[in-house]
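This is what each chain is made of:
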Amino acid sequence: MKRKSVAVVGAAETTELGLIPNLSQIQLHADAALNAMADAGLRPADIDGLATTPEWTPNLANYLGITPSWVDGTMVGGCSFMLHVRHAAAAINEGLCTTVLITHGESGRSRVGVGPFSGNRASLEGQFEAPYGIMGPTTVFTIPVLRYMKTYGVTEEQLAMVAVVQREWAAKNPRASMRDPITVEDVLGSRMIAYPFRLLMCCLVTDGGGALILTSAERARDFPRKPVYILGTGEAAESWMISQMEDFTTSRAFRVSGKKAFEEAGITHQDVDHLMIYDAFAHLPLYGLEDLGFCKPGEAAGFIWERNTAPGGKLPVNTNGGGLSYMHSGMYGMYALQESVRQMRGIAPAQVPGAKISIAHGVGGMFAASGTIVFSNEAP
Amino acid sequence: MPEAKRPLPKPTPETRHYWEGTAAGELRLQRCDQCAHAYFPPRPFCPKCASRKVSVFKASGRAILYSYVINHRPMPPFTAPYSIAVVQLEEGPRMMTNIVGCPQTPAALRLDMPLEVVFEKQTDEITLPFFKPAGGSR
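Residues numbered from 1 in each chain as written. Chains lettered and ligands numbered in written order. Predicted model: local features only at pLDDT ≥ 70, side-chain atom pairs only at ≥ 80, totals over all residues.

### Re the overall build of chain B
Next, step 1: A count of helical and extended segments in chain B gives one helix and eight strands.
Next, step 2: Its helices and strands in sequence order give chain B the pattern α-β-β-β-β-β-β-β-β, from N to C terminus.
Next, step 3: In terms of overall size, chain B behaves like a compact globule, its C-alpha atoms giving a radius of gyration of 16 Å where 138 residues would be expected to give roughly 14 Å.
Next, step 4: Across the 138 residues that make up chain B, the buried fraction comes to 30%. (Helix = DSSP H or I, 4+ residues; strand = E, 2+ residues; numbered from the N terminus. Rg over C-alpha atoms; globule rule 2.2 N^0.38 Å. Buried ≥ 20, exposed ≤ 12 C-beta atoms within 10 Å, placed from the backbone.)

Written out as structure tokens, the structure reads:
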């Protein structure tokens, strides 16, 4: 084993998932954290590092009864937890702390204990984007796709197929919110939200949370669960203003983050058995497959259409059903990480047989930021 | 209840020249005096070479439609369906806007179609730039 390696020794989601009107947001964090600590056989006093969002880290520390000596509140949207994992791995390697708890909880649907939406009209996006009637991700995250579709000749049917395939995976997951099979016709016949995006091409809005516990790989051997090792990590930021993205057919943040993670892990694309790509909308798996290098530019839609990412395909993607069908609280990255850990532990409901390397790739703040984690169940 | 208004911008010292420009019927961009890079949104330095020597200039107002969505969920004062677009200005930078003066349909909103700026006063302080098909009315 490499001298400096880090592993996940605790992982859990909230006890319930989907509609949880009886828990406030901070309690969703706590519920997931308590489940992860039980999973790892740890108590709050054993935790000396804490990373969280969207709750404020000091609030959660006090709520859980932890006084962490390493604190991270990085907030770059839904992939923040990938960045927390990366930062925690560096901190553990550097000896800043030994045992890091990373939590997410979000009352996305019920909005219990959540502040109001707010907008700063003096910010750059407040001045130069908000006046044009943007109303959240459905009208912003979606804007690049027509340029992508024109550039590569991608059809609405192909975009719809992303949602169809992920519903097939969701059907295998008892905790998935949406499990009934759908067809391309169902997707294209669903209500128009923001052309060309129909309802079934948009993620769910649900309640839930998740938590991870990380420690050194050396120490990880003494924990009750089989360790899941972190082989490589990446992160990047591009632009919070969608209008200022460099190119609407590719995410620079995806490319930078993915390259870092692959290089650090020292793996090739052929080594990857399982892939999670944050899918707030149906176009994100297309950008993810191409920007991570699994497909050439413009080829991801055909790759998915030919069932390469579907059950039985050569590269299983979003095996929990993804944000489109499993759950999406608003910051989905934690659930992508949880599914990667389940796959590496060999306990996923739609388990990929013999999977040894899994990647969880996240996006945050529309295309503003990205984080990529390479996991393995074999010690590095 | 007062009628809902667009969420209007609050200018900052770094962006005031832009909003004074739209009020005067001009789309004002900035260009670096060192490397000639034209850029948007406003800031008092070049995002390409970091020079603080930059100048404000009047843009042509010509653009092409780079990408868009048509929002079908109404949000007062907007009447659905309406386009939310990103246009590429002739000078290079891109900006968000609404496409006006044409049907809000995929058939009428073709990527790469030529556009020209049009200004609509919102308040005494704020005038917003929109884009319409080049050569059209409104």
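Let us keep going from here.
### A look at the overall build of chain A
Next, step 1: Within chain A, the regular secondary structure consists of 14 helices and eleven strands.
Next, step 2: In terms of C-alpha radius of gyration, chain A reaches 19 Å, essentially the compact-globule figure of 21 Å for 380 residues.
Next, step 3: Taken along the three principal axes of its C-alpha coordinates, chain A extends 55 × 45 × 35 Å.
Next, step 4: The 380 residues of chain A split such that 61% are buried.
Next, step 5: Taking all contacts inside chain A whose residues are at least 6 apart in sequence as the whole, residues at least 24 apart take part in 75%. (Contact = placed C-beta atoms within 7 Å.)

### Remarks on the sheet that holds strand S3 (residues 70–72) of chain A
Residue and element names in this part refer to chain A.
Next, step 1: A sheet is described by the order of its strands in space; here nine strands give the open sequence S3-S2-S4-S7-S1-S8-S11-S10-S9, paired in mixed fashion. Only two strands of the sheet have a single partner each, and these edge strands are S3 and strand S9 (274–277). Taken pair by pair, the neighbouring strands of this sheet meet at an average axis angle of 20°, ignoring direction.
Next, step 2: By the bridge criterion, three bridges tie strand S1 (residues 6–13) to strand S8 (residues 228–237) in an arrangement that is antiparallel. The partner of Ala7 across the bridge, within S8, is Tyr229.
Next, step 3: Contacts between helix H10 (residues 252–265) and the sheet are confined to S8, strand S10 (357–364) and strand S11 (369–376), with S8 contributing the most and set at about 150° to the helix. (Pairing = 2+ DSSP bridges. Axes fitted to C-alpha atoms, helices over the stretch in contact; angles between N-to-C directions.)

### Digging into the interface of chain B and chain A
Next, step 1: Each partner contributes to the interface: chain B provides 29 residues, whereas chain A provides 29 residues.
Next, step 2: Sorting the residues of the side of chain B that touches chain A by element identifies strand S4 (62–71), strand S5 (82–89) and strand S6 (94–97) of chain B as the ones contributing at least two each.
Next, step 3: For the side of chain B that touches chain A, the leading source of residues is S4(B), giving six residues.
Next, step 4: Partitioned by chemical class, the residues of the side of chain B that touches chain A number 18 nonpolar, seven polar and four charged.
Next, step 5: In this structure, strand S5 (residues 192–195) of chain A lies alongside S4(B), joined through two bridges in antiparallel fashion. Counted as the bridge partner of Tyr195(A) is Ile70(B) from S4(B). (Nonpolar A, V, L, I, M, F, W, Y, C, P; charged D, E, K, R; others polar.)

### Looking at the packing of H10(A) against helix H11 (residues 284–291) of chain A
All names here are of chain A.
Next, step 1: With their axes 9 Å apart at the nearest point, H10 and H11 run at an angle of 45° to one another. Taken as axis vectors, H10 and H11 run oblique relative to one another. Between H10 and H11 the crossing geometry is right-handed. For the pair H10 and H11, contact is made by Phe254, Arg255 and Gly258 and by Tyr287, Gly288 and Asp291, respectively.
Next, step 2: Among the residues making up the contact of H10 with H11, the classes are represented as two nonpolar, two polar and two charged. (Parallel < 35°, antiparallel > 145°, perpendicular 65-115°, else oblique. Left-handed = near helix turned anticlockwise from the far one by under 90°.)

### Let's talk about the pairing of S8(A)
Residues and elements named next belong to chain A.
Next, step 1: Extensive coverage of S8 is indicated by the burial of nine of its ten residues.
Next, step 2: Both S8 and S11 contribute to a ladder of eight bridges, which runs antiparallel. Each residue of the ladder has a partner; that of Gly232, found in S11, is Val374.

### Some details on the nonpolar core
Generally speaking, soluble globular proteins have nonpolar side chains that are buried together.
All names here are of chain A.
Next, step 1: If you look at the biggest cluster of nonpolar residues, it comprises 157 residues, and the most contacted ones within it are Ala36, Val85 and Leu214.
Next, step 2: Sorting elements by how many residues they give to this core places helix H7 (residues 156–170) first, with nine residues.
Next, step 3: Three or more residues apiece are contributed to this core by two domains, here domain 1 (6–115 + 206–231) and domain 2 (135–203 + 233–376).
Next, step 4: Apart from residues lying up to four places away in sequence, Ala36 is in contact with Gly10, Ala11, Ala12, Leu101, Ala211, Leu212 and Ile213. (Core = buried A, V, L, I, M, F, W, Y, C linked by C-beta atoms within 7 Å. Domains from an automatic or database assignment.)

### Quick look at the sheet that holds strand S1 (residues 28–32) of chain B
Residues and elements named next belong to chain B.
Next, step 1: Across the sheet, which stays open at both edges, the three strands sit in the order S2-S1-S3 with antiparallel pairing between neighbours. Lying at the two open borders of the sheet, with one neighbouring strand each, are strand S2 (38–39) and strand S3 (54–58).
Next, step 2: Relative to S2, S1 runs antiparallel, the two being bridged by two bridges. Pairing of Gln30 across the sheet is with Tyr39, part of S2.

### Notes on the domain arrangement of chain A
It is common to give the size of an interface as the accessible area that goes away when the parts come together.
All names here are of chain A.
Next, step 1: As assigned here, chain A comprises domain 1 (6–115 + 206–231) and domain 2 (135–203 + 233–376).
Next, step 2: Centre-to-centre, using C-alpha coordinates, domain 1 lies 23 Å away from domain 2.
Next, step 3: Broken down by secondary-structure element, the contributors of at least two residues to the side of domain 1 that touches domain 2 are S1, helix H3 (80–94), strand S4 (100–107), strand S7 (207–216) and S8.
Next, step 4: A class-by-class count of the residues in the side of domain 1 that touches domain 2 yields 16 nonpolar, nine polar and six charged.

### Thoughts on the environment of Leu289(A)
Next, step 1: Considering the arrangement of structural elements, one finds Leu289(A) in helix H11.
Next, step 2: Those residues in contact with Leu289(A), other than ones at most four positions away along the chain, are Ile277(A), Phe294(A), Cys295(A), Ala300(A) and Phe303(A).

### Considerations on H10(A)
Residues and elements named next belong to chain A.
Next, step 1: For H10, built from 14 residues, the straight-helix expectation of 20 Å at 1.5 Å per residue is met to within 8% by its first-to-last C-alpha distance of 20 Å.
Next, step 2: Burial in H10 covers these residues: Ala253, Phe254, Ser257, Gly258, Ala261, Phe262 and Ala265. Seen end-on, H10 carries its buried residues on one side only, within an arc spanning 145°.
Next, step 3: The inward-facing, buried residues of H10 abut S8, H11, S10 and S11.
Next, step 4: One or two residues past the end of H10 sits Gly266, with phi positive at roughly 65°. (Expected span 1.5 Å × (residues − 1). Arc of directions from axis to C-beta.)

### Topic: the environment of Met201(A)
Residues and elements named next belong to chain A.
Next, step 1: One can find Met201 in the loop between strand S6 (197–198) and S7.
Next, step 2: Linking Met201 and Ser325, residues 124 residues apart in sequence, is a C-alpha distance of 9.9 Å.
Next, step 3: Setting aside residues no more than four positions away along its own chain, Met201 makes contact with Leu159, Ala160, Ala163, Val187, Phe281 and Ala282.

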